[in-house]
Amino acid sequence: MVTCAHPWSSNLPTTTLHLIKTCKTQRDIDQIHARLISTGLIKNPSLAAKITLHLCGSNHPPLAQFARFLFFHQFISQSPHLHIFIWNALIKSFSHGDRPAQALLLFHFMLCRGVCADKFSLSLVLKASSRLGLLREGMQVHGLMEKVEFGSDVVLRNSLIGLYLKCGCLEFARLVFDKMPARDSVSWNAMIDGYSKMGMMGLAGDLFGKMPGWARNAVSWNSMVGGFARSRSEDGLEVAWGLFDEMPERDVVSWNCMIDGCVKCGRIEAAKYLFDRMPERDAVTWASMIDGYMKFGKIGEARSLFDGMPETKRDVVTWNAMLAGYVQSGECFEALQLFHDFIYRSDLVPDHATLVIALSAVAELGRIDEGTSIHQYIERNGLHFDGNLGVALIDMYSKCGSIENALSVFENLEQKSVHHWNAMIGGLAIHGLGELALELFIEMEGLSIEPDDITFIAILNACGHAGLVKEGLICFELMRRVHGLKPKLQHYGCLVDILGRAGQLEVAKKLIEEMPMSPNDVVWRSLLSACQNHGNLKMGVWVAEHLMKMDTINSSSYILLSNIYAGFGVWDNVSRIRCRMKERGVKKIPGCSWIEVKGTVHEFFVGDFTHPQHREIHSVLISLCKHLSHKSFTVT
């Protein structure tokens, strides 16, 4: 047997197939392609078929792309009657990959070329339709199944049930299920799970009761336990617990369903009871408990659990649960510290959710340097901004004071969803750029991007900050009459703010009284603030008294009324309001300011002496006050 010393110069098909197995990069593929052309093997249909089949399911994008190139540019022209097996392999690479829509196009192309679909082809396009939620296309495949007499196949029927459930058509799914001549456990479990996820526990329970013993397994039990645990009925968790106790065998999913149900019902101690007794825990278990502790404000317990969990169980989801908990609890500084630990001390790679959470923490703290670093990390790793990352970046730059960078991110997006437009309009509103926000809104309308509730909250806020009363009223009417959106409390609140800022207090008061829903304290407080700004003592007193009856412990109403009296020099009433606050135990939230020096944020409260350098800071402030006082005296 003679072996070739230089395999790259060999023109044997087997050598090429051997080299293909070592390919991982675009450079490797370029070399293989060049070799196929130079040796003439590119015209060998058998070799091209083997290469295509080997590469089309690869996890390396360059390899899958080359398989598709060979298929479209070599096969179709040289071998018009390809075996269905090759077509299916290519369709699968799309339906199970990141481009399921292409699977449908390739399937259509295959039928147009006269290639008859088999059961595997149909299951693949049903998978692609299900992933995309394409009901119409899925129904067309269903019709084709009936025509080619594959309608009784159990696997295809199960795929159809999955498609209809994914599209929210439970009635269609049940029709397919009822007409099945034979069912397996997948059929029963799919329908039970579909009902459970939609909260239809009566129908799920009815089907579970009719289920043959041979078909009932852990999946069936878990669907029922999870469904009842998630349900909002009063006895839902108790029913779930009863089923959990009856289960012949439990797996980690069973325990996780119960823990998740306990957390959602506010029974964190019951969740901890289950957690301590679990024979085996996975990352979902730890993440559920951490998330539960965070939601109930038990940050110390959550961190203790996180620090004590095995490194092998600590995945990205667990880190995200901890990070999100810190942000939701207002502990944004701790969230950023944990994010740094994640980046520099763990072997894991942050996902989109991680970066979005970190950017929200940056936005709350106003630390633009941190935000810029995360932005650079995103660009270095080639992550797309088109989704939530783009929204988070725009929001971060807007809140950190760099509206120019926010606009730059927005303008460079390849695809803009309504969420990106909302974030940008909201950012312009924060900066008082009402006219520019309106221009963006008009551009959005011109591109036929349908605005939502958030869009109109953002644009109404922009009009309020810029004093655009007429434009704000027009936008409010646009929302109702053109886009058919029913105004919510927040929209009315924005409109009250617009009128209040413009001094139209009586109109604002009348709007509040005629609202179709009960106004909350935020709406009334907006009017009270406007009364202070425009010196309307009578209305201010009336609104403040109404607010203090609604909420006797919120200090803002008392302070605003006190300031109104002080503005008119009615000092006796100022003292009276202060006395009432003391009698009712109302405490004023101290003012806070912060400054970043050399990457460290220093926070100061009124009358706060906790800063390690407070003596030096106070000494400098006293010196400045003396200097300013002396300077003022000499000038007068």
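Residues numbered from 1 in each chain as written. Predicted model: local features only at pLDDT ≥ 70, side-chain atom pairs only at ≥ 80, totals over all residues. Heavy atoms only, no water.

Undergrad: Help me understand the overall build of the chain in this model?
TA: Counting its secondary structure elements, the chain contains 35 helices and two strands. For the chain, with 636 residues in total, the buried portion stands at 44%. Taking the contacts inside the chain whose residues are at least 6 apart along the sequence as the reference set, 55% of them involve residues at least 24 apart. Put simply, the chain shows about 33,800 Å² of open surface, and 56% of that area lies on carbon and sulfur atoms. (Helix = DSSP H or I, 4+ residues; strand = E, 2+ residues; numbered from the N terminus. Buried < 20%, exposed > 50% of the residue type's maximum accessible area, 1.4 Å probe, protein only. Contact = heavy atoms within 4.5 Å. Areas by Shrake-Rupley, 256 points an atom, 1.4 Å probe, with all protein chains shown as cover.)

Undergrad: Sorry if this is basic, but what is going on with the nonpolar core here?
TA: Looking at soluble globular proteins, one finds that nonpolar side chains tend to be buried together. Core analysis: the biggest nonpolar cluster contains 172 residues, and Ile459 and Leu527 have the highest contact counts within it. Those residues in contact with Ile459 that sit more than four places away from it in its chain are Ile425, Ala437, Leu438, Phe441 and Cys475. Core analysis: the next-biggest nonpolar cluster, separate from the first, contains eight residues, Cys23, Ile29, Ile32 and Leu36 among them. (Core = buried A, V, L, I, M, F, W, Y, C linked by side-chain atoms within 4.5 Å.)

Undergrad: How do you make sense of the UniProt feature "repeat: PPR" (unreviewed entry) in the chain when you look at a structure like this?
TA: Within this numbering scheme, the UniProt entry marks residues 83-117, 184-218, 251-285, 315-350 and 417-451 as carrying the feature "repeat: PPR" (unreviewed entry). The span residues 184-218 carries 69% helix and 0% strand; its end-to-end C-alpha distance comes to 14 Å. (UniProt positions renumbered as here; feature names shortened; annotations may be inferred.)

Undergrad: I tried to follow the packing of aromatic side chains on my own but got confused; where do I start?
TA: The relation between two aromatic rings is expressed through the spacing of the ring centres and the mutual angle of the planes. What the rule picks out here adds up to twelve aromatic pairs. In this structure an aromatic cluster arises from ring pairing among Phe306, Trp319 and Phe342. Cation over ring: Arg250 sits above Phe244, and NZ or CZ is 4.1 Å from the ring centre. (Phe/Tyr/Trp six-rings, centres within 6.5 Å; stacked < 30°, edge-to-face > 60°. Lys NZ or Arg CZ within 6 Å of the ring centre and 35° of its normal.)

Undergrad: Mind showing me how you'd approach the state of the cysteines here?
TA: Disulfides are covalent bonds that connect the sulfur atoms of two cysteines. Going through the model one piece at a time under the given rule, you end up with zero disulfides. With no disulfide partner, Cys475 has as its closest neighbouring cysteine sulfur the one in Cys463, 4.7 Å distant. Take Cys475: its relative accessible area is 3%, and that puts it in the buried class. (Disulfide = S-S within 2.5 Å.)

Undergrad: Hey, could you run me through unusual backbone geometry in this one?
TA: Note: most peptide bonds trans; most residues except glycine with negative phi. Despite not being glycine, Ser448 shows a phi value in the positive range, around 60 degrees. Topologically, Ser448 is positioned in the loop between helix H26 (434-446) and helix H27 (453-466).

Undergrad: Looking at this structure, I do not really get the side chain of Ser398. What am I missing?
TA: For Ser398, the location among the structural elements is in helix H23 (residues 388-399). Overall, the relative accessible area of 2% leaves Ser398 in the buried class. A polar contact of 2.8 Å, which involves the side chain of Ser398, links it to the backbone oxygen of Ile394. If we ignore the near neighbours within four places in the chain, the residues touching Ser398 are Ile403, Ala406, Gly427 and His431. (Polar contact = N/O pair within 3.5 Å; in protein donor to acceptor, adjacent residues only side chain to side chain.)

Undergrad: Is there a simple way to think about the confidence of the model for the chain in this case?
TA: In low-pLDDT regions, the fine details of the predicted coordinates are not to be read closely. Mean pLDDT over the chain works out to 84, with 85% of the residues at or above the 70 mark. Long-range and interchain partners of residues 1-10, a stretch whose pLDDT sits below 50, account for 13 contacts in this model, where long-range means more than four residues apart. In the predicted structure, residues 632-636 sits below a pLDDT of 50 and forms zero contacts with residues beyond four places in sequence or in another chain. (pLDDT = per-residue confidence, 0-100.)

Undergrad: Before we go on, may I ask you to explain the packing of helix H24 (residues 403-411) against helix H25 (residues 418-430) in this structure?
TA: In a pair of packed helices, the angle between the axes and the distance between the axes together describe the arrangement. Across the interface, H24 lies against H25 with an axial gap of 10 Å and an inter-helix angle of 160 degrees. Compared by their axis directions, H24 and H25 come out roughly antiparallel. At the point where H24 passes H25, the crossing takes the left-handed sense. Note on element contacts: H25 touches H24 through His420, Trp421, Met424, Gly427 and Leu428, opposite Ile403, Ala406, Leu407 and Phe410. (Axes fitted to C-alpha atoms, helices over the stretch in contact; angles between N-to-C directions. Parallel < 35°, antiparallel > 145°, perpendicular 65-115°, else oblique. Left-handed = near helix turned anticlockwise from the far one by under 90°.)

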